[in-house]
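# Commentary on secondary and tertiary structure
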Amino acid sequence: MSAPRYLLDTNILSDLVRHPQGIVARKIAAVGEAAVCTSIIVAAELRFGAAKRGSARLSHQVHAILSAIEVLPLDMPADITYAQLRWALEQSGRPIGPNDMLIAAQALAHECVLVTANVGEFSRITDLQLTNWLTVLDEPPPDTSATTSTG
C-alpha cells in the first residue's frame, strides 16, 4: 500500500496564503511536499480571488504557492468520475457546487485524500476520503519528551 496523496482544496491553500508558516505549512512538511497536490480548479479559484481583490502582493503569494506544488490538470478519468458523481448526487437530491463537484471528481479519480475545511458539503460523496488540516483535533500532540524538570 502506498502513502496517501493529498489534494488541497481552495480554503486550505487560502489559509496557507494568509499564514505561510501556519498549520497547513506544518502539515505539508509532515507528509512531504511530494505527497501534496491541488486541482487546476482550485488554482483558478485562488487566482480569481486575488484578481478580484486587485492586490499585486496577494497575486504574487498565490503564484508562489501554486508554483511550489503540483497542480493536476482536469483530464481523464476525472470526466467519467464527474459524470457518475453528478448523476448520483442529483439522484439523491443532495448536489454540491459545480466547482466542488469537479474537485471531488479529481480527488476520486487520482485516489487522493481531499484536504478541505468544507467537510459538510464534501461528506455527501461516498468513497471520498476527507481530512481537515485546519482543525485542532487533526493536529499531532505536542512533543513533551524534551521538557526537563528543575529541582
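The following paragraphs examine the structure supplied in this document. No experiment lies behind these values; they were computed from the predicted model shown. Sequence order as written defines the numbering, with residues in each chain counted from 1. Note on the predicted model: pLDDT of at least 70 is required for a residue's local features to be given, and 80 or more for side-chain atom pairs to be given and counted; whole-chain, interface and lining totals, by contrast, use all residues. Each side-chain value is worked out from all heavy atoms of the structure, with water and hydrogens disregarded.

## Quick look at the sheet that holds strand 3 (residues 70-72)
By this definition, two strands are paired if DSSP reports at least two bridges between them. Secondary structure elements follow DSSP: runs of H or I of four or more residues count as helices, runs of E of two or more count as strands, with numbering from the N terminus. An order of 3-2-1-4-5 is seen for the five strands of this open sheet, with the pairing classed as parallel. At either end of the open sheet lies a strand with only one pairing partner, and these are strand 3 and strand 5 (130-131). Where strand 1 (residues 5-8) meets strand 2 (residues 36-39), three bridges bridge the pair, whose relative direction is parallel. Looking across to strand 2, one finds that Tyr-6 is bridged to Val-36.

## With respect to the packing of helix 3 (residues 40-53) against helix 4 (residues 56-68)
Lines are fitted to the C-alpha atoms to define the axes, a helix being fitted only along its stretch in contact, and any angle between axes, read from their N-to-C directions, falls within 0 to 180 degrees. For the pair helix 3 and helix 4, interaxial distance at closest approach is 8 Å and the crossing angle is 165 degrees. As the angle between them shows, helix 3 and helix 4 are arranged roughly antiparallel. Helix-helix and strand crossings are classified by hand; for helix 3 and helix 4 the assignment is left-handed. Residue-level contacts link Ala-43, Leu-46, Arg-47, Gly-49, Ala-50, Ala-51 and Arg-53 of helix 3 to Leu-58, Ser-59, Val-62, His-63 and Leu-66 of helix 4. Only Asp, Glu, Lys and Arg are considered charged in this grouping, and only Ala, Val, Leu, Ile, Met, Phe, Trp, Tyr, Cys and Pro are considered nonpolar; every other residue, Gly among them, is considered polar. In terms of residue class, the contact of helix 3 with helix 4 is made up of seven nonpolar, three polar and two charged. Each angle receives one of four descriptions, namely roughly parallel if under 35 degrees, roughly antiparallel if over 145, roughly perpendicular if within 65 to 115, and oblique otherwise. Left-handed describes a crossing whose near helix is turned anticlockwise from the far helix through less than a right angle; right-handed describes the clockwise counterpart. Contact between two residues is taken to exist if any of their heavy atoms lie within 4.5 Å; hydrogens are not considered.

## Quick word on the nonpolar core
Grouped together as the largest cluster of nonpolar side chains are 41 residues, with contacts concentrated most on Leu-7, Leu-8, Leu-13, Ile-125 and Trp-133. A per-element tally of this core places helix 6 (residues 98-109) first, with six residues. Within this scheme, the nonpolar core is defined by two criteria: the residues are buried Ala, Val, Leu, Ile, Met, Phe, Trp, Tyr or Cys, and they are joined through side-chain atoms within 4.5 Å. A 1.4 Å probe rolled over the protein chains alone gives each residue an accessible area, and that area as a share of the maximum for its type sets the label: buried under 20%, exposed over 50%, partly exposed in between.

## Comments concerning the state of the cysteines
Sulfur atoms of two cysteines make up a disulfide when they are within 2.5 Å. This model, assessed by the stated rule, comprises zero disulfides. Between Cys-37, a free cysteine, and Cys-112, which holds the nearest cysteine sulfur, the sulfur-to-sulfur gap is 4.0 Å. On the basis of relative accessible area, Cys-112 is assigned to the buried category, the value being 3%.

Interpretation in functional terms is not warranted from these geometric data alone.
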